[in-house]
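Single-letter residue listing:
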Amino acid sequence: MFLYLSSPHCQQHSNGWGHPENAQRVVQIGQALSEADLLNNALQKTIQPTTEEDVLRVHSPTFWETLKKHLPESGFVKIDDDTSLSPGSLESALTASGAVLTAVDAIMNQEANQAFCNIRPPGHHAERNRPMGFCLINHIAIGAAYALEKYSLERIAIVDFDVHHGNGTEDYVAREHRVAYVSSFEENIFPFTNPVSDLNNMLKLPLKSHSDGHAFLKAWHDSGFDFVRQFKPQLIFISAGFDAHKQDPLANLNLTEQDFYNWTQQLMQLAHEVCEGKVISVLEGGYDLKALAESATAHVKALQAL
Ligand SMILES: [Zn+2]
């Protein structure tokens, strides 16, 4: 069974007029999945917003209090050049994390095998003590921490194909050796982190600007998928950012919808090998609305295929 999670609450957060990270992203993905008949047989559930306790497994109390304190009653508060808080921001962020926790429960209780969380704002740049890069709290890290504690899991893998490196998720796995993290990204762009990792539980796959799908898939075939295989995860999370698409305005890789389909198909084969196909995919970036909707559709098609 395939589980699809989304909520109008994820449309409440706003970064201001004209910002690429906007509510239309989840709206257009939802419409495209529906038009492609990919939701007809999907299980859908009501999302409970995540609790403070869940957030605090990953983020510091000071960070959380600061976010709450700065939440405006109207207008916007800028956190950095790219990221803002609006009145509905925490409602969106807590619902987004809540979707991931709902997916963890459904999969661990065998109601579903794969899940796609069509949520925003994204999360993988949010560090323990710092929101940044359009991200407020780190949903995938909050989901992994919850799964480790509630279901006593010992090994979880997070795979991340967003065009930007997930510095927030790296910050989390540096403190959590039960989670392995593989991230492919365009080198020398935001967040400008070291392209090499010295952590045993993390593999970075930097890609040169203008790389195409062939180079992307080769990097994962050569080392990324094997790194996951050897870790023997009991559950796999995907940080699914579609901003490596050739039409995306924020980066310079040249992937197509077909590349996202092929990558997802390979990941699903691996997931069936190591963890009975238990996969939770969570939306991260992707800022060309048409390319985003088509890429997410290709991704979900492959998630459902096996
Ligand atoms: Zn991104």
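All figures in this text were calculated on a predicted structure; none of them were measured in a lab.

## Here's the deal with the sheet that holds strand E1 (residues 2–5)
Strand order in the open sheet formed by eight strands is E2-E1-E5-E10-E9-E6-E7-E8, with parallel pairing between adjacent strands. Two strands in the sheet have a free side with no partner beyond their single neighbour: strand E2 (43–44) and strand E8 (202–207). The pairing of strand E9 (residues 235–240) with strand E10 (residues 279–283) spans five bridges and is classified as parallel. Within E10, the position partnered with Ile-238 by the bridge is Ser-281. Where helix H4 (residues 89–108) meets the sheet, its contacts fall on E1, strand E5 (114–117) and E10, and the angle it forms with E5 comes to roughly 170 degrees.

## Side note on the environment of Ile-47
Within the secondary structure, Ile-47 sits in the loop between E2 and helix H2 (52–55). Of the residues examined, Ile-47 has 23 C-beta atoms within 10 Å and is grouped as buried. When the C-alpha atoms of Ile-47 and Gly-98 are compared, they prove to be 6.0 Å apart, with 51 residues separating the residues in sequence. Ignoring any residue separated from it by four or fewer positions in sequence, one finds Ile-47 in contact with Leu-5, Ser-7, Thr-95, Gly-98, Ala-99 and Thr-102.

## A few points about the nonpolar core
Counting 92 residues, the largest nonpolar core has Val-100, Ala-103, Cys-117, Ala-144 and Val-282 as the members making the most contacts within it. The dominant element in this core, judged by the number of residues it contributes, is H4, at 10 residues. Setting aside chain neighbours within four positions, we find Val-100 in contact with Cys-117, His-139, Ile-140, Ile-142, Gly-143, Ile-280 and Val-282.

## A short note on the confidence of the model for the protein chain
Per-residue pLDDT for the protein chain averages 97, and the proportion of residues at 70 or more is 100%. At the low end of the mean pLDDT range in the protein chain sits strand E3 (residues 77–78), at 92; at the high end sits strand E6 (residues 156–160), at 99.

## Considerations on the packing of H4 against helix H5 (residues 139–150)
Interaxial distance between H4 and H5 falls to 8 Å at its minimum, and their mutual angle equals 35 degrees. Read as a crossing pair, H4 and H5 show a hand that is right-handed. On the side of H4, the interface is formed by Ala-96, Ser-97, Val-100, Leu-101, Val-104 and Met-108, while H5 contributes His-139, Ile-140, Ile-142, Gly-143, Tyr-146 and Ala-147. The residue makeup of the contact of H4 with H5, split by class, is nine nonpolar, three polar and no charged.

Here is what the cut-offs are and how they apply
- Residues numbered from 1 in each chain as written.
- Predicted model: local features only at pLDDT ≥ 70, side-chain atom pairs only at ≥ 80, totals over all residues.
- Pairing = 2+ DSSP bridges.
- Helix = DSSP H or I, 4+ residues; strand = E, 2+ residues; numbered from the N terminus.
- Contact = placed C-beta atoms within 7 Å.
- Axes fitted to C-alpha atoms, helices over the stretch in contact; angles between N-to-C directions.
- Buried ≥ 20, exposed ≤ 12 C-beta atoms within 10 Å, placed from the backbone.
- Core = buried A, V, L, I, M, F, W, Y, C linked by C-beta atoms within 7 Å.
- pLDDT = per-residue confidence, 0-100.
- Left-handed = near helix turned anticlockwise from the far one by under 90°.
- Nonpolar A, V, L, I, M, F, W, Y, C, P; charged D, E, K, R; others polar.

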